[in-house]
Amino acid sequence: LTPPPAPSPAGTGAPRHCWPGMRAAMVGHLLAWAVLAQKKVGVKEVVFDSPVADIQWASPNNKAVFLQTSKGRLYRSKDGGEAWDDITDGFKGKGADSSDATVVDQIVVSHADRNVVGVVGTKHMHWITDNAGLTWRRVRHKATIHSFTFHPTRASWALVSTWTPECSKPPQTKKEKEREAENHQYCQHMLYITKDLGRTFQLVATYVVQFNWGHESHGQQDRIYFTRFRQGDGDQPKLTLWTRDVDFCYTDNQGGKINKRIPRGNKFLISNNYIFVAKLKDQEAQTVNLMVSADGSNTFNQATLPVELEEKSYTVLDTSEGAVMLHVNHGNRAPVGVGGVYISDKDGYRYSMSLPNNVRSPSGDCEFDKVLSLEGVYLANFKDTGDPEGKTAEANAAADQLEDDAAGTDVDRKHAGGGRGRGKDEEIIRTVITFDKGGVWSYLKPPKVDSVGKPIECPPEKCWLHLHGVTNFHNFAPFYSLETAAGLIMGTGNVGASLRFETDQVNTYFSRDGGLSWIEAHKGAFIYEFGDHGGLIVMANDVERTKQVVFSWNEGQSWYDFDVAGAALEVDNIVTEPNATTTTFLLYGTRQDTGVLYHLNFEPLGQPPCKGAWAADSVSSDYETWMPSDGRSTDKCLLGRQITYTRRKQTSECFNGEQFERPVVRKNCMCTEEDYECEIGFARKVGSFECRPAEDAGAQIAPERCTSSDFFYVDAYRKVAGDTCEGGWFPQKAAVPCPAGAAFSKSALSVLLVGLVLVIVMATITFVSRSEKFKHLFTNYGFDSHKHVQYAQVGKGGPESAVDTVGSRYDPNEFLGDDDDEDAPPLVSYNLADDDDEDEHELARGRGLEAAKTAVPKISGPPGGAKPADDDDGMDLL
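Reading guide: rules and limits
- Residues numbered from 1 in each chain as written.
- Predicted model: local features only at pLDDT ≥ 70, side-chain atom pairs only at ≥ 80, totals over all residues.
- Heavy atoms only, no water.
- Salt bridge = Lys/Arg side-chain N within 4 Å of Asp/Glu carboxyl O.
- Helix = DSSP H or I, 4+ residues; strand = E, 2+ residues; numbered from the N terminus.
- Buried < 20%, exposed > 50% of the residue type's maximum accessible area, 1.4 Å probe, protein only.
- Pairing = 2+ DSSP bridges.
- Axes fitted to C-alpha atoms, helices over the stretch in contact; angles between N-to-C directions.
- Core = buried A, V, L, I, M, F, W, Y, C linked by side-chain atoms within 4.5 Å.
- Contact = heavy atoms within 4.5 Å.
- Disulfide = S-S within 2.5 Å.
- Patch = residues over 30% accessible without salt bridge, like charges linked within 9 Å, V, L, I, M, F, W, Y side chains within 5 Å.
- Areas by Shrake-Rupley, 256 points an atom, 1.4 Å probe, with all protein chains shown as cover.

A. Quick peek at the pattern of salt bridges. All told, the structure shown has 27 salt bridges when counted by the stated rule. With its nearest N and O atoms 3.7 Å apart, the salt bridge here joins Lys437 to Glu321. Here Lys437, found in the loop between strand E29 (429-434) and strand E30 (442-443), pairs with Glu321, found in the loop between strand E23 (313-318) and strand E24 (325-329); they are 116 residues apart in sequence, far enough to count as distant. Given the relative accessible area of 15%, Glu321 is considered buried. Salt-bridge contacts for Arg666 lead to Glu375; the nearest nitrogen and oxygen are separated by 2.5 Å. Of the two residues, Arg666 is situated in strand E44 (residues 664-668) and Glu375 in the loop between strand E27 (368-370) and strand E28 (378-383); the sequence distance between them amounts to 291 residues.

This is the structure:
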């Protein structure tokens with residue numbers, strides 16, 4: 001395979017190089033390259049006043065795009081990002097003071113009507129449009145808007161919060177404070193509702209901490225949930241500690257009547273049909289309990305964890321599949337920078353351990369992500385502390401961070417501009433994957449060869465693939481998937497014993513079978529994006545300055561690159577419209593102090609529309625059927641069902657098109673161990689299916705009448721929430737010994753009493769028999785009266801006594817049979833000195849009785865803390 005004769009001119013977008021991912025397809029790749037080399041990707045460059053801070057798509061067809069720069073300028077595109085207009089100065093004259101410079105702080109798009117867009121500015125200047133930015137109207141509000149939340153179904157409704165002007169005033173004298181107190185002018189967070197897109201506002205509540213709309217699943221989309229300080233006057237403090245002074249409330253009539261639902265409920269989160277509330281448990285220890293409701297707050301249950309541990313803060317990882325994946329920060333009971341991942345039952349409040357030592361950041365972000373295109377498949381990073389069951393606890397020394405209640409931008413924060421430090425303390429961090437919603441975790445299989453066909457050599461016992469997660473997004477892109485790209489995953493990392501953080505050790509990897517197998521897509525760390533339902537993959541180096549873009553139209557089988565410009569830039573991100581179904585992308589970054597954006601259009605490559613989606617696997621069809629698998633079961637069942645996806649054949653030279661609808665077929669399977677997860681009080685090791693009692697869980701799961709000498713039988717498994725398997729394997733109850741501190745049973749007490757009586761009787765007899773007074777009672781007189789009786793011999797020459805029969809060579813040791821010991825087979829043989837045979841001994845004893853060792857939106861702890869050196873609480877990004 002020879003390279004092209006000459007590189008393309010800078011900025012033309014003509015593909016130059018081809019890296020075949022499979023040697024058997026070289027001829028096809030050469031032909032494809034010959035065709036692509038004659039075509040060009042459409043490239044258009046736009047330079048902005050400063051780096052890009054946020055990009056938001058609007059309008060039903062996503063053609064209207066808004067861009068905010070770091071200096072607060074606002075740009076609008078009406079053609080999907082190809083051409084841009086600076087509309088910031090156009091806000092002057094619309095009721096704004098012409099002497100004030102307009103600075104944009106937030107862009108908010110309504111989900112109920114994507115033509116409705118709100119722009120939150122500084123200095124009391126805010127605007128709104130109901131036609132995707134063609135015309136704007138100023139929002140009349142007397143204070144600077146802090147956050148703006150549209151109603152989920154009513155396009156003209158919104159919740160707006162503001163801090164009163166007193167909050168931004170400089171330190172005051174004592175007289176000034178007394179004057180404000182007389183006039184009831186305090187610093188407080190006010191919550192308003194507007195039902196006419198900002199023309200009028202109605203006060204809902206004061207001293208508010210958090211707020212949100214109710215969920216549609218319970219018919220509560222008009223209900224307003226919020227937490228607020230109970231005080232009625234004075235300046236509102238920041239929520240820097242868990243406190244007893246904040247309550248969880250709601251109102252159904254926009255503040256007319258406020259209902260206190262959970263006293264001391266400090267923070268909350270609404271996700272799908274679940275409501276989570278962090279309720280203060282101990283203010284001095286700064287611990288909380290998690291309250292969960294699955295019925296619209298009618299009833300709340302305290303989340304039950306398998307062991308009694310401190311709960312400092314929570315991160316709700318996922319609620320999309322009828323169960324809750326929850327990360328709990330246990331403070332100083334866990335190693336620094338980690339927490340436990342727990343999975344709930346269908347009601348969301350009974351939790352069992354799924355993965356210990358999951359990596360987390362001080363802000364509460366966790367290296368845990370769902371493969372969006374598949375059901376029940378998750379990727380996670382955990383820290384191997386040398387005690388994989390999490391028994392050893394280390395002090396938590398992470399610093400607390402300040403609370404940030406403002407709405408964040410919707411551009412992926414993990415790819416936003418920031419420091420690009422390369423160093424990090426060496427830690428043993430490894431990547432694992434689950435195909436059954438956290439029931440069983442396994443290491444990632446490494447590719448056998450690298451991107452240039454060279455074999456990857458590493459010891460089999462220390463050879464896995466490890467990928468970077470979101471906590472290190474400033475340095476490397478985290479693992480990434482999209483709902484519209486079936487089975488496709490990308491990530492940056494390395495092959496070896498653990499995750500590496502050196503730039504020269506990190507490469508880019510790709511999977512097209514849901515994480516079961518991986519290939520090295522490119523040397524070095526790249527940023528990536530999917531388009532055309534996964535039919536296009538676009539990448540760029542985001543570690544070093546570059547002018548090159550790499551893409552694949554055949555799901556990683558071959559890669560092509562082209563230059564977007566003559567001058568290199570530092571790439572921040574590559575994005576596409578929210579559905580990721582088009583063939584256009586926006587690549588943006590920085591060149592010196594300016595922001596640079598490139599509109600990439602792959603339509604000119606001229607690929608025809610794909611055909612035959614409903615005749616997949618036929619010769620004439622461009623599509624094939626594919627069933628996800630965990631690699632263990634031959635029937636390819638996940639969560640109790642076979643799911644068959646229709647996707648484009650890897651070698652088909654065509655585009656899916658924006659209107660492509662992917663056929664999906666589901667069929668239930670027979671139940672196996674993989675369809676069950678561990679019940680509360682039990683846990684699995686990585687790579688194991690057996691649920692064994694977690695350490696210190698016996699007292700929690702033992703019945704009230706459990707006695708120390710007994711066993712009790714309990715369910716060690718429960719069916720994974722959302723699993724639809726039928727028949728097949730069914731778990732039996734597990735026998736668990738009662739805790740050591742339990743009371744004795746009646747039978748045990750009876751045996752103990754009888755044994756004690758026997759000991760007393762024997763001791764008494766021994767004492768009496770040795771006494772001179774009673775010794776005669778124990779003398780053997782029975783044979784004295786018969787000492788003269790003669791016994792006739794049976795046979796001639798018989799011995800007169802038993803000693804005579806033995807003879808003069810009597811040796812008592814002959815009766816012990818020492819010389820014959822080696823001929824007697826042992827009943828049981830244990831070689832306890834050899835640890836490698838431990839599993840065999842466990843099988844001999846019965847594995848069921850062995851006790852095993854213990855091992856995106858968040859409800860994080862307040863940033864302050866009475867013991868900051870011991871806590872790892874995070875800021876609130878709700």
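B. Structural view of the sheet that holds strand E18 (residues 259-262). The strand order across the open sheet formed by four strands is E15-E16-E17-E18, and the pairing between neighbours is antiparallel. Strands at the two margins of the open sheet, each flanked by one partner only, are strand E15 (208-213) and E18. Strand-to-strand, the axes of this sheet are offset by a mean angle of 30°, without reference to chain direction. Across three bridges, the pairing between strand E17 (residues 246-251) and E18 is antiparallel. Bridge pairing links Tyr250 to Asn259 in E18.

C. Seen up close, the nonpolar core. By size, the foremost hydrophobic cluster in this structure holds 39 residues, and its most contacted members are Met490, Phe530, Phe551, Leu587, Leu600 and Phe602. The element that contributes the greatest number of residues to this core is strand E36 (residues 536-541), accounting for five residues. Setting aside anything within four residues of it in sequence, one finds Leu587 in contact with Ala540, Val549, Leu569, Val571, Asn573, Ile574, Val596, Leu597, Tyr598 and Leu600. Within the second largest apolar cluster, 22 residues are counted, among which are Tyr274, Ala278, Leu305 and Met353.

D. A look at the state of the cysteines. Across all of its chains, the model carries six disulfides by this definition. The partner cysteine of Cys167 in its disulfide is Cys187, sulfur to sulfur 2.0 Å. A torsion of 105° about the S-S bond marks the disulfide between Cys167 and Cys187 as right-handed. Note that Cys167 is positioned in the loop between strand E12 (158-163) and helix H2 (174-182) and Cys187 in the loop between H2 and strand E13 (189-194), a separation of 20 residues in sequence. A residue is classified by how much of its surface remains accessible, and Cys167, at 28% relative accessible area, is partly exposed. With its sulfur 2.0 Å from that of its partner, Cys671 forms a disulfide with Cys725. When the S-S torsion is 90°, as for the bridge of Cys671 with Cys725, the disulfide is right-handed. Remark: Cys725 occurs in the loop between strand E50 (717-719) and strand E51 (726-728) and Cys671 occurs in strand E45 (residues 670-671); sequence separation between them is 54 residues. Judged by its relative accessible area of 6%, Cys671 falls in the buried class. Overall, Cys725 belongs to the buried group, its relative accessible area being 4%.

E. Main features of a nonpolar patch on the surface. A surface patch of nonpolar side chains, about 650 Å² in accessible area, is lined by Leu753, Leu756, Val757, Ile760, Val761, Met762 and Ile765. Along the chain, the position of Met762 falls in helix H4 (residues 746-769). Met762 sits in the exposed class, given a relative accessible area of 52%.

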